[in-house]
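Given next are the chains, with one letter for each unit.
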Amino acid sequence: DVKVTQSSRYLVKRTGEKVFLECVQDMDHENMFWYRQDPGLGLRLIYFSYDVKMKEKGDIPEGYSVSREKKERFSLILESASTNQTSMYLCASSFLTDREQYFGPGTRLTVL
Amino acid sequence: RKEVEQDPGPFNVPEGATVAFNCTYSNSASQSFFWYRQDCRKEPKLLMSVYSSGNEDGRFTAQLNRASQYISLLIRDSKLSDSATYLCVVNRGYQKVTFGTGTKLQVIP
């Protein structure tokens, strides 16, 4: 069974803080993804990575950066958190980019 | 026009009923298609892939209509445990994965 874990289920931060969200997968998948999910907007892709140290912007990369130093780990960084980044953040991994994705349990981030 | 469109519902159906959802997509170059299920406050999980020839998994049947650019999901003999949001996913190949906003199903006793 594929397992994708995320560092926190719930996080509360203040405006302007730097926020790190970590994701780890144990299936040796090449591809990893970060999404945010908001009511009425569905899942929107922030960034994805197809290999170590490689990254590609998704649909809404502004205000975010990512890091992939090891194959199993993909981090999402909010350099200076803002209230409009309050959301559910979901990490996913897949063996191939056009195959099914396996999701972590999500991190509900609140920025005050 | 949105890349992927779903009726948000909610669909309220009695136990044992048959219910169908459609999902339309705008890009004819789309290559692979999936249905995911998402329970309240949980992560999405793959329900089934959708193949050109249609495919069935127990009470669930998925179909693809390339000419009309839609995929469908049919659930027979609905169970209370089928209550969830069903997400349609369309993949245009490398990097281009789009999730629909989901259709909410509530199965009523």
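Calculation rules
- Residues numbered from 1 in each chain as written.
- Chains lettered and ligands numbered in written order.
- Predicted model: local features only at pLDDT ≥ 70, side-chain atom pairs only at ≥ 80, totals over all residues.
- Heavy atoms only, no water.
- Core = buried A, V, L, I, M, F, W, Y, C linked by side-chain atoms within 4.5 Å.
- Buried < 20%, exposed > 50% of the residue type's maximum accessible area, 1.4 Å probe, protein only.
- Helix = DSSP H or I, 4+ residues; strand = E, 2+ residues; numbered from the N terminus.
- Contact = heavy atoms within 4.5 Å.
- Buried area = accessible area lost by both parts, 1.4 Å probe.
- Salt bridge = Lys/Arg side-chain N within 4 Å of Asp/Glu carboxyl O.
- Polar contact = N/O pair within 3.5 Å; in protein donor to acceptor, adjacent residues only side chain to side chain.
- Pairing = 2+ DSSP bridges.
- Axes fitted to C-alpha atoms, helices over the stretch in contact; angles between N-to-C directions.
- Disulfide = S-S within 2.5 Å.
- Phe/Tyr/Trp six-rings, centres within 6.5 Å; stacked < 30°, edge-to-face > 60°.

What follows deals with the nonpolar core. Soluble globular proteins tend to pack their nonpolar side chains together in the buried interior. Ranked by internal contacts, the top residues of the largest apolar core, which has 23 residues, are Phe21, Trp35, Ile71, Leu73, Ile75, Tyr86 and Leu105 of chain B. Every element with two or more residues in this core is listed here: β3 (19-25), β4 (32-38), β5 (45-50), β7 (60-65), β8 (70-75), β9 (84-91) and β11 (103-108) of chain B. Ignoring sequence-local partners within four residues, the contact set of phenylalanine 21 of chain B consists of Phe11, Trp35, Ile71, Ser72, Leu73, Ile75, Tyr86, Thr103 and Leu105 of chain B. By size, the runner-up hydrophobic cluster in this structure holds 20 residues, among which are Leu21, Tyr47, Tyr64 and Val66 of chain A.

When you line up the elements, glycine 54 of chain B lands in the loop between β5 and β6 (55-57). Apart from the residues lying within four places of it in its own chain, the contact partners of glycine 54 of chain B are Ala62 and Gln63 of chain B.

Let us now look at the side chain of serine 32 of chain B. Looking at the secondary structure, you find serine 32 of chain B in strand β4. Owing to a relative accessible area of 8%, serine 32 of chain B belongs among the buried residues under this scheme.

Let us look at the interface of chain B and chain A. Between chain B and chain A, the contact holds 16 residues from the first and 21 residues from the second. Between chain B and chain A, a total of about 1,600 Å² is buried, with carbon and sulfur atoms accounting for 54% of that surface. Applying the counting criterion to the chain B and chain A interface returns zero salt bridges. At the junction of chain B with chain A, the criterion picks out two residue pairs in polar contact (both at pLDDT 80 or more). Listing elements by their share of the side of chain B that touches chain A, those giving two or more residues are β4, β5, β9 and β10 (97-99) of chain B.

Here the focus is the sheet that holds strand β7 (residues 65-70) of chain A. All names here are of chain A. Taken in spatial order, the four strands make up an open sheet running β1-β3-β8-β7, and their pairing is antiparallel. Since the sheet does not close on itself, it has two edges, and those belong to β1 (4-6) and β7, each with one partner. Direction aside, neighbouring strands of the sheet carry axes that sit 20° apart on average.

Here the structure, examined in full by the defined rule, presents two disulfides over all chains. Put simply, cysteine 23 of chain A and cysteine 91 of chain A are joined by a disulfide, and their sulfur atoms are 1.8 Å apart. Its S-S torsion of about -75° marks the bond between cysteine 23 of chain A and cysteine 91 of chain A as left-handed, since a negative value means left-handed. Placement of the pair is cysteine 23 of chain A in strand β3 (residues 19-25) and cysteine 91 of chain A in strand β9 (residues 87-94), with a sequence separation of 68 residues. Both residues of the pair, cysteine 23 of chain A and cysteine 91 of chain A, count as buried. Each sulfur in the disulfide pair cysteine 23 of chain B and cysteine 88 of chain B lies 1.9 Å from the other. Sign of the S-S torsion, about -65° for the bond between cysteine 23 of chain B and cysteine 88 of chain B, identifies this disulfide as left-handed. Of the two residues, cysteine 23 of chain B is situated in strand β3 and cysteine 88 of chain B in strand β9; the sequence distance between them amounts to 65 residues. Exposure remark for cysteine 23 of chain B: the relative accessible area of 0% places this residue in the buried category. Judged by its relative accessible area of 0%, cysteine 88 of chain B falls in the buried class.

Time to look at the packing of aromatic side chains. The description of an aromatic ring pair rests on the distance of the ring centres and on the angle between the ring planes. All names here are of chain A. Evaluation of the coordinates by the stated rule reveals 13 aromatic pairs over all chains. Considering the side-chain rings of phenylalanine 33 and phenylalanine 48, the 5.9 Å spacing of their centres and the 25° angle between planes classify their relative orientation as stacked. Residue phenylalanine 33 is found in strand β4 (residues 31-38), and its partner phenylalanine 48 is found in strand β5 (residues 42-49); the two are separated by 15 residues along the sequence. Neither phenylalanine 33 nor phenylalanine 48 differs from the other in exposure class; each is buried. Taken together, a centroid distance of 5.8 Å and an interplanar angle of 40° make the contact between tyrosine 35 and phenylalanine 103 tilted.

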